[in-house]
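Here is how the chains run, residue by residue.
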Amino acid sequence: MAAATSTPFGGGDTGGGGLAAGEMEVEAYRRLFPLAFYERHLRDSVRPDARPLHRARDTSIALGPVAFSDGSALVKIGDTTMLAAIKLEVMTPATDAPDEGSLAIEFYMPPICSPTVRPGRPAEVAPVISKQLSDTIISSQMINLKELSLVSGKASWMAYLDIYCLNADGALFDAALLSAIAAFSHLQIPLVSLNDDGKVITVSEELLEGKPSVELVNKEKRKLSLQRIPFSLTCLLHGKYILADPTAEEESVMETFVTVVLDSLGQLVSIYKPGGAVLAHRSTVKECIRLTKQRIDELKNILAESASAMEVA
Amino acid sequence: MAPMEVDRADGRTSNQLRPLSCTRNVLHRAHGSARWSQGDTIVLAAVFGPKAGTKKEENPEKASIEVIWKPKTGLIGKVEKEYEMILKRTLQSVCLLTIHPNTTTSVIVQVVGDDGALLPCAINASCAALADAGIPLKYLAVAICCGLTGSRSVILDPTKIEEKKILAFAYLVFPNSPISVLPKGSLTEDSEPIEAGIITSVTHGAMPVVDYFNCLDRGYAACAKISEFLRRSMESQAPSDLTKTT
């Protein structure tokens, strides 16, 4: 990101909040009158980082950074970084759903991610995003819980998905959802077999070569089949402008946002607009849905590329 | 597509809301309070404020709103935190925040009964309580829950049992239609009236995009009825406020 050089801002502005006569440096203007700074950019349909209004930031996905987990992914959208890891544990399924496994999804914002988060002062937004993520993943029915079953009524998998925010720079929900999906696509279910007591234990690959008599419970199903993958895009609303994929600075200046989640079949999984000074009319909602569809095509390509990069490595 | 009539357990039609009731000034120590019920979903909201000072993260140039959500039973968890955040952001867009800068208004929501559509009920109760406390508002917010059944028809105000059975539902909040004549600039470019804009939308469950817009239409039409009810209940209780001792 190129640092802004200190070019003086002309003194005849009408957009600033009472600009005193004389010149002011760009960085000072940005801190003192953030809304006016952004509005000058929006009038030219561009943002301070030279992105057009409807473009999302550069996104990258790396699969498998956490070696000891069963599935993991590191996702970066611009500077926002999320690390997702899945650990599978065998447990007995619930009596009313003996053929299904279960999911436990947690989202953490450790102090590393933002100067406003400290050990005694947890981020207010963390439990909200955590709940939003579990609602979205369950509503979209991406994971078929029956695939997490081992022995009906006796053993099934409990998948613990933990997502850590490593750098909070706006659009946290989008990055977290993408990292969850990438981790699930990377997930390899470990091999299990029944031991002498009838309990299910995990078997490592090396042991198998020595003992061909070990009977495996789940030789065929190693990866989950993800049916309807949800992808999301957060847009800021300001007057008549719609800004896709905001940074943290943009989110602090313009408060109204809409998060649209669509699945790979084009169904609407969620439209999440929690209040905000700007009202969303139907035309705005339609435009946000259109931008999300564009973004889904980009994200599908990026996910497919990262999966093929893993196979080569 | 003509709406198909759905058989609902309590005999309502798909467009029919549960009986609404709103009582204001129920708590005498609070600056404003309201009890709003929709069928068996009952929420009690109390407003204290404006009090001096804001919290550290809040902007001192504006008034800030603090929401505390108390569930009927159990400890406070992620569900309550999410409700608090949605309610806070909705009320922030409804209040005129620049009139009393550097103040905090606390809204405490107590769930008395939960039979579906809990968040819309809480939003309605909080707005009535804010009006009862005399906090300056831009408009009142009117909230409704629209459910989408498996046969793709929209039902309004589902009960808890209905919420579990249906495909998806959406909580929608619209601004209360202003009764005065609006200045010309208040219509959008497509000449959509300003009150058709959504303040808040929270959805659960996957639904086709077309059905979401159906929900918006039906929800908006039903909110007009709730707005009427709200206005009537405020007008009828107005004379008693003059004799309220502070």
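Residues numbered from 1 in each chain as written. Chains lettered and ligands numbered in written order. Predicted model: local features only at pLDDT ≥ 70, side-chain atom pairs only at ≥ 80, totals over all residues. Heavy atoms only, no water.

- An unreviewed UniProt entry lists chain A under the name Ribosomal RNA-processing protein 43, with Zingiber officinale given as the organism.
- Entered under Subcellular location (unreviewed entry) in the UniProt record, the comment concerning chain A runs "Nucleus, Nucleolus". (UniProt positions renumbered as here; feature names shortened; annotations may be inferred.)

**What about the overall build of chain B?**
Right, on to step 1. Counting its regular elements, chain B contains 4 helices and 9 strands.
Right, on to step 2. For chain B, the sequential pattern of α-helices and β-strands runs β-β-β-β-α-β-α-β-β-α-β-β-α.
Right, on to step 3. Burial analysis of chain B (246 residues in total) assigns 54% to the buried set.
Right, on to step 4. Excluding contacts between residues fewer than 6 apart, the proportion of contacts in chain B whose partners are at least 24 apart in sequence is 71%.
Right, on to step 5. In the form shown here, chain B has an accessible surface area of approximately 11300 Å², with 58% of it arising from carbon and sulfur atoms. (Helix = DSSP H or I, 4+ residues; strand = E, 2+ residues; numbered from the N terminus. Buried < 20%, exposed > 50% of the residue type's maximum accessible area, 1.4 Å probe, protein only. Contact = heavy atoms within 4.5 Å. Areas by Shrake-Rupley, 256 points an atom, 1.4 Å probe, with all protein chains shown as cover.)

**Digging into the side chain of S232 of chain A**
All names here are of chain A.
Right, on to step 1. Along the chain, S232 falls in strand β11 (residues 230-238).
Right, on to step 2. S232 gets classed as buried once you look at its relative accessible area, which sits at 6%.
Right, on to step 3. A polar contact of 2.6 Å, which involves the side chain of S232, links it to the side chain of D174.
Right, on to step 4. Sequence-distant contacts of S232, that is, excluding residues within four places in its chain, are made with F173, D174, L177, T259, V260, V261, T292, R295 and L299. (Polar contact = N/O pair within 3.5 Å; in protein donor to acceptor, adjacent residues only side chain to side chain.)

**Side note on the sheet that holds strand β1 (residues 20-24) of chain B**
Each strand in a sheet pairs with another by means of backbone hydrogen bonds, the pair being arranged parallel or else antiparallel.
Residue and element names in this part refer to chain B.
Right, on to step 1. The strand order β1-β2-β3-β5-β4 describes an open sheet built from 5 strands, whose pairing is mixed. A single partner strand is all that each edge strand has here, and the edge strands are β1 and β4 (64-70). For this sheet the average axis-to-axis angle between neighbouring strands, irrespective of direction, equals 15°.
Right, on to step 2. Sitting on the sheet, helix α1 (residues 78-94) touches β4 and β5 (103-113), and the angle it makes with β4 is about 145°.
Right, on to step 3. Where helix α2 (residues 118-133) meets the sheet, it contacts β1, β2 (32-38), β3 (41-52), β4 and β5, and its direction lies at approximately 150° from that of β2. (Pairing = 2+ DSSP bridges. Axes fitted to C-alpha atoms, helices over the stretch in contact; angles between N-to-C directions.)

**Examining the layout of surface pockets**
Right, on to step 1. Here the second largest pocket defines a volume of roughly 890 Å³.
Right, on to step 2. For the second largest pocket, the lining is made up of 31 residues, of which D135 of chain A together with E163, K164, F169 and H204 of chain B are closest to its centre.
Right, on to step 3. Every element with two or more residues in the lining of the second largest pocket is listed here: α3 (125-140) of chain A together with α1, α2, α3 (160-165), β8 (168-175) and β9 (200-204) of chain B.
Right, on to step 4. When residues of the lining of the second largest pocket are assigned to their parent elements, the largest contribution, 5 residues, is made by α3 of chain A.
Right, on to step 5. Each residue belonging to the lining of the second largest pocket can be placed in one class, and the counts come to 17 nonpolar, 6 polar and 8 charged. (1 Å grid on protein atoms, 1.4 Å probe; cavity = no way out; pocket = protein on both sides within 12 Å on 5 of 7 lines; lining within 4 Å. Points joined across faces, edges and corners; volume = space filled by probe spheres on them. Nonpolar A, V, L, I, M, F, W, Y, C, P; charged D, E, K, R; others polar.)

**What about the packing of aromatic side chains?**
To describe a pair of aromatic rings, you give the distance between the ring centres and the angle between the ring planes.
All names here are of chain B.
Right, on to step 1. On inspection of all chains with the given rule, the structure shows 8 aromatic pairs over all chains.
Right, on to step 2. Measuring from ring centre to ring centre gives 4.5 Å for W69 and Y83, while their planes differ by 35°; the resulting arrangement is tilted. With W69 in strand β4 and Y83 in helix α1, this residue pair connects regions lying 14 residues apart in the sequence. The same class applies to W69 and to Y83, which are both buried.
Right, on to step 3. Ring plane angle 55° and centroid distance 5.3 Å describe the contact between F169 and Y171, whose orientation is recorded as tilted. Note on accessibility: F169 and Y171 belong to one class, buried. (Phe/Tyr/Trp six-rings, centres within 6.5 Å; stacked < 30°, edge-to-face > 60°.)

**Remarks on the interface of chain B and chain A**
Right, on to step 1. Counting residues at the interface gives 39 residues for chain B and 37 residues for chain A.
Right, on to step 2. Summing the contributions of chain B and of chain A, the shared interface buries around 3200 Å²; its carbon and sulfur component is 55%.
Right, on to step 3. Summed over the three residues of chain B that lose the most area to chain A, namely K78, R89 and F213 of chain B, the buried surface amounts to 19% of that side.
Right, on to step 4. Linking chain B to chain A there are 4 salt bridges.
Right, on to step 5. One salt bridge in this structure joins K131 of chain A and E82 of chain B, with 2.9 Å as the shortest N-O distance.
Right, on to step 6. One can count 17 residue pairs in polar contact (both at pLDDT 80 or more) joining chain B with chain A.
Right, on to step 7. Of all the secondary-structure elements, those providing two or more residues to the side of chain B that touches chain A are α1, β9 and α4 (209-242) of chain B.
Right, on to step 8. Broken down by element, the side of chain B that touches chain A gets its largest block of residues, 9 residues, from α1 of chain B.
Right, on to step 9. In terms of residue class, the side of chain B that touches chain A is built from 18 nonpolar, 9 polar and 12 charged. (Buried area = accessible area lost by both parts, 1.4 Å probe. Salt bridge = Lys/Arg side-chain N within 4 Å of Asp/Glu carboxyl O.)

**A few points about α1 of chain B**
Right, on to step 1. When the terminal C-alpha atoms of α1 of chain B are compared, their 25 Å separation across 17 residues agrees well with the 24 Å that a helix rising 1.5 Å per residue should span.
Right, on to step 2. In terms of burial, α1 of chain B is largely enclosed, as 14 of its 17 residues are buried. (Expected span 1.5 Å × (residues − 1).)

**Some remarks on the packing of α1 of chain B against α2 of chain B**
All names here are of chain B.
Right, on to step 1. Viewed as axis vectors pointing N to C, α1 and α2 meet at an angle of 45°, and their least axial separation amounts to 11 Å. By the angle between their axes, α1 is oblique relative to α2. When you trace α1 past α2, the crossing you get is right-handed. Residue-level contacts link Y83, I86, L87, T90 and L91 of α1 to L118, L119, A122, I123, S126, C127 and L130 of α2.
Right, on to step 2. Of the residues belonging to the contact of α1 with α2, the class tally is 10 nonpolar, 2 polar and no charged. (Parallel < 35°, antiparallel > 145°, perpendicular 65-115°, else oblique. Left-handed = near helix turned anticlockwise from the far one by under 90°.)

**A few points about the pairing of β9 of chain B**
All names here are of chain B.
Right, on to step 1. Counting buried residues in β9 gives 4 out of 5 residues, a clear majority hidden from the surface.
Right, on to step 2. Pairing of β8 with β9, which is carried by 5 bridges, proceeds in the antiparallel orientation. In the strand pairing of β9, Y171 is matched with V202.

**Brief notes about the confidence of the model for chain A**
All names here are of chain A.
Right, on to step 1. When the pLDDT values of chain A are averaged, the result is 85; 85% of them are 70 or greater.
Right, on to step 2. At the level of individual helices and strands, chain A shows its lowest average pLDDT in strand β1 (residues 8-9), which scores 48, and its highest in helix α4 (residues 172-186), which scores 95.
Right, on to step 3. Within the model, pLDDT remains below 50 along residues 1-15, and this stretch shows 24 contacts once partners closer than five positions in the same chain are excluded. (pLDDT = per-residue confidence, 0-100.)

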